[in-house]
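Examining the three-dimensional arrangement
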Amino acid sequence: MVAPRQIAFVASLGIAAVASAESCPDGTGAPSFDTIYTAGWGFDPQNSRHQGPDRTSINAGNAARLTVKWAYGLGTDTPRSMPLVTDDTIFLGDTGRGLLALDRDTGCARWELPWGGEFASAILHRVHADGVMLYFADRNAGIVAVDARSGRLLWQRQPEIVRNPVPMFSGTPLIHGETIFMPISSQEIGLSLVPFYGCCTTSGGMAAMDATTGDTRWYVPTIEEPVRVVGRRWLFVERRGPPGAPVWGAPTLDPASGTLFFGTGQNYSHPTTDTSDAIFAVDAATGERRWMRQFTANDAYNISCDIVPNHPNCPDPLGPDVDFGAPLVFAALPDGTPAVIAGQKSGDVHAMRADDGSVIWQRKLGRGGALGGVHSGIALNAALGLVYAPISDIDAGRMTGPGPAKPGVYALDVADGSVVWSRERAGRCPERYCWGGVSAAVSGTDEVLFSGSLDGYLEALDAATGEVLWSFDTWQDFETVNGVPARGGAFDTHGPMIAGDMVIVSSGYSAYFQAGGNALLVFAVGEEDSP
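Notes on the structure follow. All chains use their own residue numbering, which begins from 1 and follows the written sequence. Owing to the predicted nature of the model, reporting of local features is limited to residues with pLDDT of at least 70; listing and counting of side-chain atom pairs is limited to 80 or more, with chain, interface and lining totals taken over all residues. Side-chain calculation: all heavy atoms of the structure are included, whereas hydrogens and water are not.

**A short note on the nonpolar core**
As a reminder, the rule being used: For this analysis, a nonpolar core means a set of buried residues of the types Ala, Val, Leu, Ile, Met, Phe, Trp, Tyr and Cys, connected via side-chain atoms within 4.5 Å. For every residue, the accessible area (1.4 Å probe, protein chains only) is compared with the maximum for its type, and the residue is labelled buried under 20%, exposed over 50%, or partly exposed between those bounds. Here a residue-residue contact requires only that any non-hydrogen atoms of the pair lie within 4.5 Å.
Grouped together as the largest cluster of nonpolar side chains are 40 residues, with contacts concentrated most on Tyr135, Ile180, Ile504 and Leu520. Sequence-distant contacts of Tyr135, that is, excluding residues within four places in its chain, are made with Ala122, Ile123, Leu124, His125, Arg126, Ile143, Val144, Ala145, Trp155, Ile175, Ile180 and Ala211. Met168, Ala396, Ala511 and Tyr512 belong to the second-largest nonpolar core, a separate cluster that totals 23 residues.

Written out as structure tokens, the structure is:
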């Protein structure tokens, strides 16, 4: 997977929340946690990205009444932070500014923690005896813990990692009980651009950390083979390997069996391993591997292949770069079989038995490629027996998959993978930045599925039929509650958050030559028109 630009970590410990020019009036009070709507990137530990009627009132009958309640001007045109929502507060990471606690009704800032690094995850929480802690992943600095009521910085830690001196933390952690499960990738995918860099040595991995202290409990690399010199160039530059197999997405958990599941990316150079483009199942308590299944062998790629023709660090042969970047979903099939469902950048969706990794079904939906297929996240509607797969299929040059593009959203029968309905999309114009594919993760209620497209449309689809219930064009300027000019752009990565009668989403993602934007949009269901 291509890594978005890096922003250096410049925050220091001891920072406290500060008031901003848009602070809430005196007497507004600290955030309440009577109701907490989500538990991370996937809304729950199983990554269903589904909100039931106890968490939302949005249905097929009122989705068309969604209107912008307020907008906020973000400090970045490539936002990557999934908000945490409570009964009165929206917690959001704004790269270039800090961690924000915004009043849910008005958007005013209850508190703001200045932060100089790059937010790379959903905002997470943990309720403990003395209050509530918030967590987020900084792309370079690791996991950060904050007091939720005051915004006071508590600590910042990196897991104890072997064979990865340049880790990158681009996936959302999962918090379960007293443990943080931390996905780990590597900056080597970008360091490969340096011609004199001897690519590559690092391994992706998964770490378990103590949620109170940040201490490392266990760490599992995705490549256990020792690094070795596999060649030389220019007499003094050693080529080394095997490297890569990063973990880009949030893990998912089966609490009953105590199994943690996660997917991996491609190798960065040759030799390749059987652990790249694979699904892992490990013991959540110890990290011991229970099973592993690879779906695409010999996939070697790094960013040098895109920037400079015939770059010496570009693998030969070059792989298709079709990793598992999207978080996995844990689900029970209609016959009761526990299953893991995974969307791949190849355009395939795979369902495996959770106990041994054996394949139950597979479905090819798009042409896939480095920016194609399932890029950021699928969703599950257990009541309807459907899993929803967004397909990007954007052109990635020579890294584009074979066959015709099929961008859009697909609903699959969770039992056998058959397509129940599809909503294929055409872009608003012929240019690349107007591509109509769906790269952002999708989210749903019992009756409605929300998706955001690369050409800036937020849509509500009937969860059972795919009928378009509501569509909103975000490629426009917005008046904001904080006075920062804001404009919508491409939807990518985290996708819509659903909470109560609201849909909360960031519009804009300038990476990969897409339309940048900095609009945090909060939609709410309006009153029904009088007869």
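Having put the structure on the table, let's press on.
**A closer look at the state of the cysteines**
Our working definition: To count as a disulfide, a pair of cysteine sulfur atoms needs to be within 2.5 Å. The helix and strand labels rest on DSSP assignments: H or I over at least four residues marks a helix, E over at least two residues marks a strand, and numbering proceeds from the N terminus.
Counting across every chain of the model gives four disulfides. The disulfide bridge from Cys24 ends at Cys108, spanning 2.0 Å between sulfur atoms. What sets the handedness of the Cys24 and Cys108 disulfide is the S-S torsion sign, and at about 95° it is right-handed. Taken together, the residues span a long stretch of sequence, with Cys24 in the segment before strand S1 (66-73) and Cys108 in the loop between strand S4 (98-103) and strand S5 (109-114) at a distance of 84 residues. Each bonded cysteine of the chain gets a number by its place in the sequence, and the pairs then read 1-2, 3-4, 5-6, 7-8.

**Digging into a nonpolar patch on the surface**
For clarity, the cut-off: Nonpolar side chains (Val, Leu, Ile, Met, Phe, Trp, Tyr) are joined into patches within 5 Å and like charges within 9 Å, using only residues with over 30% relative accessible area and no salt bridge. Computed with the Shrake-Rupley method and a 1.4 Å probe, the accessible areas treat only the protein chains shown as cover for residues. Criterion for a salt bridge: a side-chain nitrogen of Lys or Arg within 4 Å of a carboxyl oxygen of Asp or Glu.
Together, Val194, Phe196, Trp234, Leu235 and Phe236 make up a nonpolar patch on the protein surface, roughly 630 Å² of accessible area in all. Among the structural elements, Val194 can be located in the loop between helix H1 (188-191) and strand S13 (205-210).

**Things to note about the sheet that holds strand S6 (residues 124-128)**
For the record, the criterion: Pairing between two strands is assigned when DSSP locates at least 2 bridges connecting them. Note on geometry: axes are C-alpha line fits, over the in-contact stretch for helices, and angles between N-to-C directions span 0 to 180 degrees.
Pairing in this open sheet of four strands is antiparallel, and the strands run S6-S7-S8-S9 from one edge to the other. Looking at the sheet topology across the chains shown, the edges are occupied by S6 and strand S9 (153-157). When the angles between neighbouring strand axes are averaged without regard to direction, this sheet yields 20°. Relative to strand S7 (residues 131-138), S6 is paired through five bridges, and the arrangement is antiparallel. For Arg126, the partnering residue across the bridge sits in S7 and is Met133.

**Here we look at the packing of aromatic side chains**
Definition in use: Any two rings among Phe, Tyr and Trp, with Trp reduced to its six-membered ring, count as a pair given centres within 6.5 Å; such a pair is stacked if its planes are under 30 degrees apart, edge-to-face if over 60, and tilted if neither. Any Lys NZ or Arg CZ found within 6 Å of a ring centre and within 35 degrees of that ring's normal is scored as a charge over the ring.
Applying the stated criterion across every chain yields a total of 18 aromatic pairs. Here the aromatic rings of Trp115 and Phe136 are separated by 5.5 Å at their centres, their planes lie at 85°, and the arrangement is edge-to-face. Of this pair, Trp115 sits in the loop between S5 and S6 while Phe136 sits in strand S7, and the two are 21 residues apart along the sequence. Each of the two residues, Trp115 as well as Phe136, counts as buried. Look at Trp470 and Phe472: their rings are 6.1 Å apart centre to centre, the planes differ by 20°, and that puts the pair in the stacked class. Taken individually, Trp470 and Phe472 each receive the classification buried, so the pair is uniform in this respect. One aromatic cluster in this structure is built from Trp470, Phe472, Phe478 and Phe523. Here the guanidinium or amino end of Arg55 rests over the ring plane of Tyr37, the centre of that ring lying 6.0 Å away.

**Quick notes on the sheet that holds strand S35 (residues 497-499)**
Spatial strand order, S1-S37-S36-S35: four strands in an open sheet with antiparallel pairing. Of all the strands in the sheet, just S1 and S35 have a single pairing partner and so form its edges. Within the sheet, the average angular offset between the axes of one strand and its neighbour, ignoring direction, is 20°. As paired elements, strand S36 (residues 502-507) and strand S37 (residues 519-525) share six bridges and run antiparallel to each other.

**Comments concerning the pairing of strand S20 (residues 289-294)**
Relative to S20, strand S19 (residues 278-283) is paired through five bridges, and the arrangement is antiparallel. The partner of Val282 across the bridge, within S20, is Arg289.

**Topic: the side chain of Gln514**
Position of Gln514 among the secondary structure elements: in the loop between S36 and S37. The residues touching Gln514, leaving out its near neighbours within four places in the chain, are Ile394, Leu454, Ala490, Asp492 and Tyr509.

**What about the side chain of Thr95?**
On the secondary structure map, Thr95 appears in the loop between strand S3 (89-94) and S4. What makes Thr95 buried here is its relative accessible area of 10%.

**Regarding the environment of Leu371**
Here Leu371 is to be found in the loop between strand S24 (359-364) and strand S25 (379-381). Since its relative accessible area comes to 9%, Leu371 is described here as buried. Separated by 335 residues in the primary sequence, Leu371 and Ile36 have C-alpha atoms spaced 33 Å apart.

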